[in-house]
Amino acid sequence: MTITMKELHDMELYGYVIIAIGILGIIFHGLGLEFLDSYLLILIITILAVSLIFEILRKTISVNEAIVRTLMIFVGTVLYWFNLHLEGMLLLTVYGAAEILESVIERYAERRLKKLLEIIPRTVKVVKEGKVNIVDVNDVKEGDIVIVGRGERIPVDGVILDGEALIDESTITGEPKPREIKLYDEVLAGGLVLAGAVKVKAIKPGSQSLVARIVELVEKYKKKKATIESTIQKFSRIYLSLMLVASAIAWIIIGYYKALIFIAVGCPSAFLVTIPATLLASVSVYSRKGIIVKGTKPIESASKTNVIAFDKTGTITLGRLELERIVLLRNSVSMDDILRYAASLEVYSSHPVAKAIIREAKKRNVKLLSASEVNERPALGVEGKVLGKHIFIGKVSDSTKKKLNILAEELEGKVITELRIDGEPYAILIFSDILDPKSKAVIEQLKNMKFKVIMITGDKKVNAEKIAKQLGIDEYYAELKPEEKVRIIEKIKENRRNRVIMVGDGINDAPALAAANLGIAIGSLEAVGEAGDIVISRGSIDLVPFIVKFAKYSMRKVYENITIILAAKLAAIVLSVIGFLPLWAAVALGDDGGALASLINIANILKSAYRS
């Protein structure tokens, strides 16, 4: 695997060098080769100083990080000046370990952050002066005519000028039902053509499609999010500054040697090592359960939330059509007969309805028959011959629609197809996007945890209302575009007491995921997963309550570790000032000792999580 210069820099290689030199110096000290200590300590200080200057010039270091590193260089220099080389190497070696841990967390958090645009094809077929030219999607201008065939994604927002097709826009709008498009219908970039072919007139340049706007929204909100490491660094900077002031006062009152205790114990490396390590341990627990946490900030965010917003399609529901039931229009055939005829034709199609029929046929162990003269008619259906009979499954005829008027309310929001044999209607097949079986239990758990649960979806109001009633969700918003979902999230956040989790799976959820205090993406790491702070890779919401509970537990451990470290440092200062501990022992207790106690606490995180 090739590693770039940027990745080498991100790996904080100087941290490894410092650790190696520090360990070597400690060994030399133990062997009585103390004359080498000074050279090794000054080498460590020089490496830190050079790395700081390098990062400042490249603008790859934050203000807080630069201040903390400057203070560490100062502490190391003071200890060198007073010939306390062992103490200096102990401190800076631990600091080097802290830098490496920070680097690991950052790399883990920032993987592949821009995959949203991969849904749009990079090259498109544009008609100009009667010729078809292959051009880059970003070169498509408003008014250009683009050709899109079966199996291809629409590359631009536009209007249909010619042709008919059936398109799947579920990743863009959240609507699971494929849409028939024809002359003058508007389409969005990213829609997948399931059947047919169309010519699309671009109403916006290729670079300004809906998906491109979604990416802009994601980036906007990502830039506003800080990480918990910066808070730790800020605290460490303040703490070390206070210790330096205390050291100056102690110098005047009790002499320089004991004053150095405040400088040595004032080193914040225990915080910089163990607090990130606590959160990193939590990240590893989440990973074990198939939960990808992008950095450590999401853990802190999850621990403070009290409102949770769910998308519907593919989140609360399974996100795919299922055959709900078959309504027989004639008594001369059975339901298995109807399913056999339908599946024997649909096996040749990739339409979502076809997939639902095939799944149901497999579930019922219905044996398929050979079909001939199969023809898929875009936006209409599939026809062919089975056992010498002409079979058609697809769009419901007007005459059958009249017969279905009595079922109009019951069929609202569902996908309906008709099966005809030799031109005569024999059955109606009804499909729906069904609930994830785990949804009700998950929402009940969240309500018991005192969460306010709402649903925001791009699906139709009638479908959203039905799902909300089934699950006991009191508040829902339907028929929303991505930008409108963001506005709902922001309105909820206007109350400062509200900390919002957004849970979704489609690209249309990406801006809302980024706008929320915490975004949980359901499904793969592709597309929307890159906009979420947390990704549940196995594609189910049943782990959402665990994410929140374990985040609260993890943050409790963080605060426990802060308390442990502060207590160890206070004990080291008191015992050293009254003469019970030499300076090197104070460093060991006040910094390394606190870190060790915290690491034991971290082990408890792993133990309790794996036990569960």
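Scope of this entry: the structure provided in the associated data block. (Residues numbered from 1 in each chain as written. Predicted model: local features only at pLDDT ≥ 70, side-chain atom pairs only at ≥ 80, totals over all residues. Heavy atoms only, no water.)

A word on the overall build of the protein chain
Moving on, step 1. Along the protein chain, the regular secondary structure elements total 21 helices and 20 strands.
Moving on, step 2. Evaluated residue by residue, the protein chain yields a buried proportion of 52% over its 612 residues.
Moving on, step 3. Considering only residue pairs separated by 6 or more positions, the protein chain has 68% of its internal contacts joining residues 24 or more positions apart.
Moving on, step 4. Split by element, the accessible area of the protein chain, about 28,200 Å² in all, is 58% carbon and sulfur. (Helix = DSSP H or I, 4+ residues; strand = E, 2+ residues; numbered from the N terminus. Buried < 20%, exposed > 50% of the residue type's maximum accessible area, 1.4 Å probe, protein only. Contact = heavy atoms within 4.5 Å. Areas by Shrake-Rupley, 256 points an atom, 1.4 Å probe, with all protein chains shown as cover.)

Some thoughts on the pattern of salt bridges
Moving on, step 1. Inspection of every chain in the model, using the stated rule, returns 21 salt bridges.
Moving on, step 2. The salt bridge partner of Lys 297 is Glu 300, with a shortest N-O separation of 2.9 Å. You can see Lys 297 and its partner Glu 300 sitting in helix H11 (residues 297–303), three residues apart, about one turn around the helix.
Moving on, step 3. Among the residues examined, Lys 297 registers a relative accessible area of 27% and is labelled partly exposed.
Moving on, step 4. The shortest N-O distance in the salt bridge between Lys 304 and Glu 300 comes to 3.6 Å. (Salt bridge = Lys/Arg side-chain N within 4 Å of Asp/Glu carboxyl O.)

Comments concerning the pairing of strand S1 (residues 123–128)
Moving on, step 1. Where S1 and strand S2 (residues 131–136) come together, six bridges link them in antiparallel fashion. Bridging across to S2, Lys 128 finds its partner in Lys 131.
Moving on, step 2. Taken together, S1 and the strand that follows it, S2, pair antiparallel across an intervening segment of two residues, in which Glu 129 is found at a positive phi of about 55°.
Moving on, step 3. Here S1 pairs with strand S3 (residues 145–148) via three bridges, running antiparallel. Bridged to Val 127 within S3 is Ile 145. (Pairing = 2+ DSSP bridges.)

Considering the sheet that holds strand S18 (residues 500–504)
Moving on, step 1. Strand order across the open sheet formed by seven strands is S8-S20-S19-S18-S9-S16-S17, with mixed pairing between neighbours. Of all the strands in the sheet, just strand S8 (291–293) and strand S17 (475–477) have a single pairing partner and so form its edges. Strand-to-strand, the axes of this sheet are offset by a mean angle of 20°, without reference to chain direction. (Axes fitted to C-alpha atoms, helices over the stretch in contact; angles between N-to-C directions.)

A look at the packing of aromatic side chains
Moving on, step 1. In the structure shown here, the tally under the stated rule is three aromatic pairs.
Moving on, step 2. Aromatic side chains Phe 546 and Phe 550 sit 5.5 Å apart centroid to centroid with 15° between the ring planes, which places their arrangement in the stacked category. One end of the pair, Phe 546, and the other, Phe 550, are both in helix H20 (residues 544–577), four residues apart, so they sit about a helical turn from each other.
Moving on, step 3. Under the relative-accessibility criterion, Phe 550 is labelled buried at 5%.
Moving on, step 4. An angle of 35° between the planes, with centres 5.8 Å apart, marks the rings of Phe 550 and Tyr 553 as tilted. Highlighted residues: Phe 550 and Tyr 553, both in helix H20, separated by three residues, approximately one helical turn.
Moving on, step 5. Of the residues examined, Tyr 553 reaches a relative accessible area of 17% and is grouped as buried.
Moving on, step 6. Ring-pair connections join several aromatic residues into one group, and the members of that group are Phe 546, Phe 550 and Tyr 553. (Phe/Tyr/Trp six-rings, centres within 6.5 Å; stacked < 30°, edge-to-face > 60°.)

A few points about the packing of helix H13 (residues 335–346) against helix H14 (residues 352–363)
Moving on, step 1. Interhelical geometry of H13 versus H14 gives an angle of 130° and a closest axis separation of 9 Å. Classified by the angle their axes make, H13 and H14 are oblique. Considering the relative orientation of H13 and H14, their crossing is left-handed. For the pair H13 and H14, contact is made by Leu 339, Ala 342, Ala 343 and Glu 346 and by Val 353, Ala 354, Ile 357, Ile 358, Glu 360 and Ala 361, respectively. (Parallel < 35°, antiparallel > 145°, perpendicular 65-115°, else oblique. Left-handed = near helix turned anticlockwise from the far one by under 90°.)

Considerations on the pairing of S18
In summary, the side chains of a regular strand alternate between the two faces of the sheet.
Moving on, step 1. By the criterion of burial, S18 is predominantly enclosed, with five of the five residues buried.
Moving on, step 2. Burial of S18 is two-sided: the residues Val 500, Met 502 and Gly 504 facing one way and the residues Ile 501 and Val 503 facing the other way are all buried.
Moving on, step 3. When strand S9 (residues 307–310) meets S18, the two strands line up parallel, connected through four bridges. Bridge pairing in S18 links Ala 309 to Met 502.

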